[in-house]
Amino acid sequence: MANGPLLIADEVRDALAHGRPVVALESAVLTHGLPREPATGLPPVVAHQPDFARGVPLNLSLSIAMERVVRTHGGVPATVAVIDGALKVGCTRGDLERLATDRDARKASVRDLGPLCAARSCAGTTVSATLVACGLAGIRHFATGGIGGVHRGFAQTLDLSADLGALARTPVCVISSGAKSILDLKATLEALECLGVPVIGLATDTFPEFTDGAGSLPLHATVATPHDAARACRAHWSLLPSVGVLLANPCPAVHALDHGGSSILADELAAEAMAAGIEGNLVTPWLLAQVAARTKGQSLDANIALLLDNARCAALVADAASRDAG
Ligand code: PSU
Ligand code: MN
């Protein structure tokens, strides 16, 4: 392969060449973040949406719906994944279907990309690995649910997500509902500060707590609109051209768990995970599944709502950035 394992879809390449808005989407949420099984009853948040049909795996419906939301708001979606050893930027429907149903699909963090490509594997890319693809392709906007960060009890495990390092060295605006509420959010903000990554609240002055909605930790930068967010990124990149930005958009309030919803469970779960020997890259998927089970699916509902809203916001910011540049 002339470009090594990197494979950029024609539509994405064309949009980038013409300065049209492109939004990257990750795929670890598809392979490891959401249930592979069709929901027995559809979550209320999507019960009437066409992409969520009965019998279709929930993770697949969500990926298709995120791509559709990006398009509805004027963007070109680029779902990133490792497919048969290629780092794809822009997956086909067939790629998404394979990832959604393949139980052997791996979870690719930055360190895994080379070995997985050499072994011609299939994998969902985490935020960190998706950022690598964005950097190579020149994509500036990327929507996800909640980034990985500093895990509770990290002093014992040194479990810090590779998402943090990738944000520090890739000039991409990641639009997320903060970091996952199962993490140590205060320590995660400290780590981002140390790495020089601005965390900008979109119409909020606190760090959102993923499925738990608006949080309580203060942020040092806030913008009112996607247009202002694009301006803030442009100023940031004119000074720090290789550093990422975290744009924090809280879970829509009607879908958020009551405050403390999943973070209240998190200390207990972190201890349980350690006792059960859950380690390494299995920790995050295990914690998310446990929270979903113990909130009787409410966290799933919130997770889907925030993923779709982040895709919408990312498309709006990418669109504003493309207009300002032109
Ligand atoms: N956001 C979600 N659900 C997820 C993830 C993010 O709403 O499952 C994934 C992302 O791919 C993120 C990863 O990069 O979890 C973090 O895993 P770890 O803590 O092992 O770095
Ligand atoms: Mn980890």
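Definitions and cut-offs
Residues numbered from 1 in each chain as written. Chains lettered and ligands numbered in written order. Predicted model: local features only at pLDDT ≥ 70, side-chain atom pairs only at ≥ 80, totals over all residues. Heavy atoms only, no water. Helix = DSSP H or I, 4+ residues; strand = E, 2+ residues; numbered from the N terminus. Buried < 20%, exposed > 50% of the residue type's maximum accessible area, 1.4 Å probe, protein only. Core = buried A, V, L, I, M, F, W, Y, C linked by side-chain atoms within 4.5 Å. Contact = heavy atoms within 4.5 Å. Near = heavy atom within 4 Å. Polar contact = N/O pair within 3.5 Å; in protein donor to acceptor, adjacent residues only side chain to side chain. Areas by Shrake-Rupley, 256 points an atom, 1.4 Å probe, with all protein chains shown as cover. Phe/Tyr/Trp six-rings, centres within 6.5 Å; stacked < 30°, edge-to-face > 60°. Lys NZ or Arg CZ within 6 Å of the ring centre and 35° of its normal. Expected span 1.5 Å × (residues − 1). Axes fitted to C-alpha atoms, helices over the stretch in contact; angles between N-to-C directions. Parallel < 35°, antiparallel > 145°, perpendicular 65-115°, else oblique. Left-handed = near helix turned anticlockwise from the far one by under 90°. Pairing = 2+ DSSP bridges. Salt bridge = Lys/Arg side-chain N within 4 Å of Asp/Glu carboxyl O.

Enquirer: Please explain unusual backbone geometry as it appears in this structure.
Expert: Among all residues save glycine, negative phi is the norm, and among peptide bonds the norm is trans. Look at leucine 158: it is not a glycine, yet its phi comes out positive at around 55 degrees. The topology assignment puts leucine 158 in the loop between α7 (154-157) and α8 (162-169). On the basis of relative accessibility, which here comes to 66%, the residue leucine 158 falls in the exposed class. The backbone of lysine 296 sits at a positive phi, close to 55 degrees, despite the residue not being glycine. Along the chain, lysine 296 turns up in the loop between α12 (283-294) and α13 (298-325).

Enquirer: Looking at this structure, I do not really get the nonpolar core. What am I missing?
Expert: Val89, Ile139, Ile147, Phe207 and Leu247 are the most contacted members of the largest nonpolar core, which totals 100 residues. A total of 14 residues in this core trace back to one element, the largest contributor, which is α13. Setting aside chain neighbours within four positions, we find isoleucine 147 in contact with Val127, Asp163, Leu164, Leu167, Val174, Ser176, Gly178, Ala179, Lys180, Leu183, Leu192 and Leu246.

Enquirer: Could you clarify how one ought to interpret the site of ligand 1 in this entry?
Expert: Ligand 1 sits among 18 residues. The nearest are Glu26, Lys107, Ser161, Asp163 and Thr284. Between ligand 1 and glutamate 26 there is a distance of 2.7 Å, counted from an oxygen atom to a side-chain nitrogen or oxygen. One of the side-chain nitrogen or oxygen atoms of threonine 284 is found 2.6 Å away from an oxygen atom of ligand 1. Here ligand 1 loses 94% of its free accessible area of 480 Å² to cover by the protein chains. Elements supplying a minimum of two residues to the shell around ligand 1: α2 (28-33) and α12.

Enquirer: Explain the packing of aromatic side chains to me, please; I cannot follow it from the model alone.
Expert: To describe a pair of aromatic rings, you give the distance between the ring centres and the angle between the ring planes. Taken as a whole and judged by the stated rule, the model has zero aromatic pairs. The ring of tryptophan 237 carries the charged tip of arginine 140 above its face, separated from the ring centre by 4.6 Å.

Enquirer: Before we go on, may I ask you to explain helix α3 (residues 58-72) in this structure?
Expert: Within an α-helix, residues lying three or four positions from one another point in the same direction, as the helix has 3.6 residues per turn. Here α3 contains 15 residues, and its C-alpha end-to-end distance of 21 Å stays within 8% of the 21 Å for a straight helix at 1.5 Å per residue. Across the 15 residues of α3, twelve count as buried, placing the element largely inside the fold. Turning to α3, its buried residues number three or more, namely Leu58, Asn59, Leu60, Ser61, Leu62, Ser63, Ile64, Ala65, Met66, Glu67, Val69 and Val70. Elements in contact with the buried residues of α3: β2 (22-25), α2, β3 (76-83), α4 (93-101), β7 (141-143) and α13.

Enquirer: Honestly, the packing of α3 against α13 in this entry has me stumped. Any pointers?
Expert: Two quantities define a packed helix pair, namely the angle between the axes and the distance from one axis to the other. One way to put it is that α3 packs onto α13 with a least axis distance of 8 Å and a crossing angle of 25 degrees. Taken together, the axes of α3 and α13 lie roughly parallel to each other. When you trace α3 past α13, the crossing you get is right-handed. Of α13, the residues touching α3 (which contributes Leu58, Leu62, Ala65, Met66, Val69 and Val70) are Leu300, Ile304, Leu307, Leu308, Ala311, Arg312 and Ala315.

Enquirer: Looking at this model, I keep getting lost on the pairing of strand β8 (residues 173-176). Mind explaining?
Expert: Here is the key point about a regular strand: its side chains alternate between the two faces of the sheet. What you see with β8 is no split at all: Cys173 and Ile175 on one side and Val174 and Ser176 on the other are buried throughout. With three bridges joining them, β7 and β8 adopt parallel strand pairing. In the strand pairing of β8, phenylalanine 142 is matched with valine 174. Pairing of β8 with strand β11 (residues 245-248) involves four bridges; the strand directions are parallel. Paired with isoleucine 175 across the bridge in β11 is leucine 247.

Enquirer: Explain the environment of glycine 138 to me, please; I cannot follow it from the model alone.
Expert: Following the sequence through the fold, glycine 138 ends up in the loop between α6 (127-137) and β7. Residue glycine 138 is classed as partly exposed on the basis of its relative accessible area of 42%.

Enquirer: It is not clear to me how the pattern of salt bridges should be interpreted in this structure. Could you clarify?
Expert: A side chain of one charge can pair with a side chain of the opposite charge when the charged atoms of the two come close. Under the defined criterion, the tally for this structure stands at 13 salt bridges. Note that arginine 103 and glutamate 37 form a salt bridge whose closest N and O atoms lie 3.2 Å from each other. Of this pair, arginine 103 sits in the loop between α4 and β5 (106-108) while glutamate 37 sits in the loop between α2 and α3; the two residues are 66 residues apart in sequence, bridging distant segments of the chain. By relative accessible area, glutamate 37 is classed as partly exposed at 40%. Here aspartate 84 makes a salt bridge to arginine 98, at a shortest N to O gap of 2.9 Å.

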